[in-house]
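Each chain, written out:
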Amino acid sequence: MDPARLRVVIAEDSALIREGLARLITDSGGEVVAKVGDGPSFVEAVREHHPDVSVVDVRMPPTQRDEGLRAAIEARRLVPGTPVLVLSQYVERQYATELLADRAGGVGYLLKDRVADVREFMDALRRVAAGGTALDPEVVAQLMVTRQVEDRLRVLTPREREVLAAMAEGRTNAGIAEALSITEGATEKHIGNIFGKLELPDSEHAHRRVLAVLAYLGS
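These numbers come from a predicted model, not from an experiment.

**Observations concerning the overall build of the protein chain**
When you go through the protein chain residue by residue, the secondary structure sums to ten helices and six strands. Looking at the protein chain residue by residue over its 219 residues, the buried ones come to 48%. Counting only contacts in the protein chain whose residues sit at least 6 apart along the sequence, the fraction spanning at least 24 positions is 68%. Total accessible area computed for the protein chain in this model is approximately 10,500 Å², and 49% of it derives from carbon and sulfur atoms.

Put into structure tokens, the structure is as follows:
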């Protein structure tokens, strides 16, 4: 997706962080169509602007618990498929799992520290806007530890699990190959094996990479 055409809604109750995110996005060529500080305003902004992607803080007023996440889920219900990238100070497994529950793709969950790397943050934003996933490596690690994997996923080899975990982080084939010190050809073979074992046939109506990641994390 052309970053110059990326239309973004920001939902963050801290004015300092909200303005900082807006500046980062606009300096990277995007367009911030709305900036809000609470959940209901975020939902209305999504309904009004239909942004390419939204950036939402998990904890927002009035209780500073999960209002941002609830608003994100409500926005995706009212505007099906609207891409959402959630930011959190800490890994909160329940929230990450709930966000992934609709299995529709176009979701991300990053720790706020990750925003410090502008290139990584904007890359994640574009992946989510394009219907993919962008999960913080720490989120992936904790979900993998705490979730039970379906029987059909247990047939994956240890290397295939490593490849799938790297896919969940949003890495490209080249990125996976570099991270695992294997060739791109080996990466493609592992991914093909994963698709086969998860019974995800090639289809123009489904993004197998997203479905594989969601099946793994949401099972």
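**Things to note about helix H9 (residues 184–197)**
Look at H9: 20 Å from first C-alpha to last across 14 residues, which is about the 20 Å you get at 1.5 Å a residue. Buried within H9 are the following residues: Thr-187, His-190, Ile-191, Ile-194 and Phe-195. Seen along its axis, H9 keeps its buried residues to an arc of 140 degrees; they face one direction. Away from its buried face by more than 90 degrees, H9 exposes Lys-189 and Gly-196. Remark: Glu-199 follows H9 within two positions and exhibits a positive phi of approximately 55 degrees.

**Comments concerning the pairing of strand S5 (residues 107–111)**
For S5, the tally of buried residues reaches five of five residues, placing the bulk of the element in the interior. Neither face of S5 is left uncovered, since the one carrying Val-107, Tyr-109 and Leu-111 and the one carrying Gly-108 and Leu-110 both have all their residues buried. Where strand S4 (residues 84–88) lies against S5, five bridges are found, and the strand directions are parallel. Looking at the pairing, Leu-87 lines up with Leu-110 of S5. Taking the sense of rotation as the criterion, the β-α-β connection linking S5, helix H5 (residues 118–129) and strand S6 (residues 133–135) turns out left-handed.

**Quick word on the sheet that holds S5**
Pairing in this open sheet of six strands is parallel, and the strands run S2-S1-S3-S4-S5-S6 from one edge to the other. Every other strand in the sheet has two partners, leaving strand S2 (31–36) and S6 as the edge strands with one partner each. Across the sheet, the axes of successive neighbouring strands diverge by a mean angle of 20 degrees, strand direction being ignored. Sheet topology places strand S1 (residues 7–11) next to S2; five bridges connect them, and they run parallel. Note that in S2 the partner of Val-8 across the bridge is Val-32. Contacts from helix H1 (residues 15–27) reach S1, S2, strand S3 (53–57) and S4 within the one sheet, and its direction differs from that of S2 by about 170 degrees. Packing against the sheet, helix H3 (residues 67–78) makes contact with S3, S4 and S5, and its axis sits at approximately 155 degrees to S3.

**Some points on unusual backbone geometry**
The residue after Pro-61, namely Pro-62, is reached through a cis peptide bond having omega 5 degrees. Within the secondary structure, Pro-62 is located in the loop between S3 and H3. Of note, the phi angle at His-50 is positive, near 45 degrees, even though the residue is not glycine. Mapped onto the secondary structure, His-50 falls in the loop between helix H2 (39–49) and S3. Of note in this structure, Ser-181 is not a glycine but carries a positive phi near 60 degrees. Following the sequence through the fold, Ser-181 ends up in the loop between helix H8 (173–180) and H9.

**Regarding the pattern of salt bridges**
A full pass over the atoms with the stated rule returns eleven salt bridges. Arg-77 is the partner of Glu-74 in a salt bridge, and the nearest nitrogen-oxygen pair spans 2.7 Å. Residue Glu-74 and its partner Arg-77 are both found in helix H3; the two are separated by three residues, about one turn of the helix. When its relative accessible area of 56% is taken as the criterion, Arg-77 is described as exposed.

**As for H1**
With 13 residues, H1 ought to run about 18 Å at 1.5 Å a step, and its terminal C-alpha atoms sit 18 Å apart, in line with that. Residues of H1 that are buried include every one of Arg-18, Leu-21, Ala-22, Leu-24 and Ile-25, and no others. With its buried residues spanning 165 degrees around the axis, H1 presents them on a single face. Residues of H1 that are exposed and angled more than 90 degrees away from the buried face: Leu-16, Arg-23 and Asp-27. As for H1, its buried residues are in contact with S1, S2, S3, S4 and H5.

What counts, and at which threshold
Residues numbered from 1 in each chain as written. Predicted model: local features only at pLDDT ≥ 70, side-chain atom pairs only at ≥ 80, totals over all residues. Heavy atoms only, no water. Helix = DSSP H or I, 4+ residues; strand = E, 2+ residues; numbered from the N terminus. Buried < 20%, exposed > 50% of the residue type's maximum accessible area, 1.4 Å probe, protein only. Contact = heavy atoms within 4.5 Å. Areas by Shrake-Rupley, 256 points an atom, 1.4 Å probe, with all protein chains shown as cover. Expected span 1.5 Å × (residues − 1). Arc of directions from axis to C-beta. Pairing = 2+ DSSP bridges. Right-handed = clockwise from strand over helix to strand, strands pointing away. Axes fitted to C-alpha atoms, helices over the stretch in contact; angles between N-to-C directions. Salt bridge = Lys/Arg side-chain N within 4 Å of Asp/Glu carboxyl O.

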